[in-house]
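Each chain is listed here by its residues.
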Amino acid sequence: MPERWHEWPVAKVFPGTVPGLSPSGARVTYVLAGIAPESSCEAAFQVAAVRPGCRTALRATYADSTQTYVATVGIAVLDGPGMGPYAAGRPATVRPVAFPGGPAERFGERQYFTGVLIGSEHRYVVAAAAGYADGRAYRPGCRTVPRLRDTARQLAATLHRALTR
């Protein structure tokens, strides 16, 4: 299990589609927009998102089937089990990755509305940052944040389960 991230084909770590719910509660499919090259944890995650001992980071961005919402999912591979701190609102999380020519092309640091971190006794922390595909910037107090957080949590939990079961 500790080496799955390295031994599995990339399509198993980041599947082409992930079933889920949109922030409005409708059933959607999250479609892979792109996979970023493996990078350092410092480049892939915000400073407070992952504790020391992070070996490497993998990231991919998904868009819902309506191309309204996007989320970057990051996997931190750790030397041992653990996770970083979690805060309400717009917590530290994975850094969003944009991919040209599709719904995720305007997704960046200013566009993520919320994020989540999911860890366990395993050597992986999976984080997700979610926002809108239209490039709108985060504004404190946005009523959509709790629903977007649920979407981010759902994607992160699905990928975390696949790596750890």
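Thresholds applied
- Residues numbered from 1 in each chain as written.
- Predicted model: local features only at pLDDT ≥ 70, side-chain atom pairs only at ≥ 80, totals over all residues.
- Heavy atoms only, no water.
- 1 Å grid on protein atoms, 1.4 Å probe; cavity = no way out; pocket = protein on both sides within 12 Å on 5 of 7 lines; lining within 4 Å.
- Points joined across faces, edges and corners; volume = space filled by probe spheres on them.
- Nonpolar A, V, L, I, M, F, W, Y, C, P; charged D, E, K, R; others polar.
- Helix = DSSP H or I, 4+ residues; strand = E, 2+ residues; numbered from the N terminus.
- Polar contact = N/O pair within 3.5 Å; in protein donor to acceptor, adjacent residues only side chain to side chain.
- Contact = heavy atoms within 4.5 Å.
- Disulfide = S-S within 2.5 Å.
- Buried < 20%, exposed > 50% of the residue type's maximum accessible area, 1.4 Å probe, protein only.
- Salt bridge = Lys/Arg side-chain N within 4 Å of Asp/Glu carboxyl O.
- Core = buried A, V, L, I, M, F, W, Y, C linked by side-chain atoms within 4.5 Å.

**Examining the layout of surface pockets**
(1) Moving on: Of the volumes computed, that of the largest pocket is approximately 150 Å³.
(2) Moving on: Of the residues in the lining of the largest pocket, the class split is six nonpolar, two polar and two charged.

**Thoughts on the side chain of T56**
(1) Moving on: Turning to its location among the elements, T56 is positioned in strand 3 (residues 54–64).
(2) Moving on: Here E38 takes part through its side chain, which lies 2.8 Å from a polar atom of the side chain of T56.
(3) Moving on: T56 has contacts with W5, E38, S39, C41, I75, A76 and V77, leaving out every residue within four places of it along the chain.

**Remarks on the state of the cysteines**
Note: disulfide means a covalent bond formed between the sulfur atoms of two cysteine side chains.
(1) Moving on: Scanning the entire structure with this criterion turns up one disulfide.
(2) Moving on: Each disulfide pairs two cysteine sulfurs, and for C41 the partner residue is C54, the sulfurs being separated by 1.8 Å. The disulfide joining C41 to C54 has a torsion of about -70° about its S-S bond and is therefore left-handed. Placement of C41 in helix 3 (residues 41–44) and of C54 in strand 3 is noted, with a sequence separation of 13 residues between them.
(3) Moving on: C41 sits in the buried class, given a relative accessible area of 7%.

**Observations concerning the pattern of salt bridges**
(1) Moving on: Applying the stated criterion to the full structure yields five salt bridges.
(2) Moving on: Among the ionic pairs, E3 bridges to R123, the shortest N-O distance being 3.8 Å. Residue E3 is located in the segment before helix 1 (4–7), and its partner R123 is located in the loop between strand 5 (112–118) and strand 6 (124–132); the two are separated by 120 residues in the primary sequence.
(3) Moving on: Using a relative accessible area of 28% as the deciding quantity, one classes E3 as partly exposed.
(4) Moving on: When its relative accessible area of 17% is taken as the criterion, R123 is described as buried.
(5) Moving on: As a salt-bridge pair, R136 and D134 come within 2.8 Å of each other at their nearest N and O atoms.
(6) Moving on: Salt bridges sharing partners connect three or more residues here, namely E3, R55 and R123.

**Observations regarding the nonpolar core**
(1) Moving on: Ranked by internal contacts, the top residues of the largest apolar core, which has 31 residues, are F14, Y62, V73 and I75.
(2) Moving on: Every element with two or more residues in this core is listed here: strand 2 (27–35), strand 3, strand 4 (69–78), strand 5, strand 6 and helix 4 (145–164).
(3) Moving on: Residue contributions to this core peak at eight residues, all from helix 4.
(4) Moving on: Excluding its chain neighbours within four sequence positions, the residues that come into contact with I75 are V13, F14, F45, T56, A57, L58, Y124, V125, V126 and L163.
(5) Moving on: By size, the runner-up hydrophobic cluster in this structure holds 20 residues, among which are A104, F107, V125 and A129.

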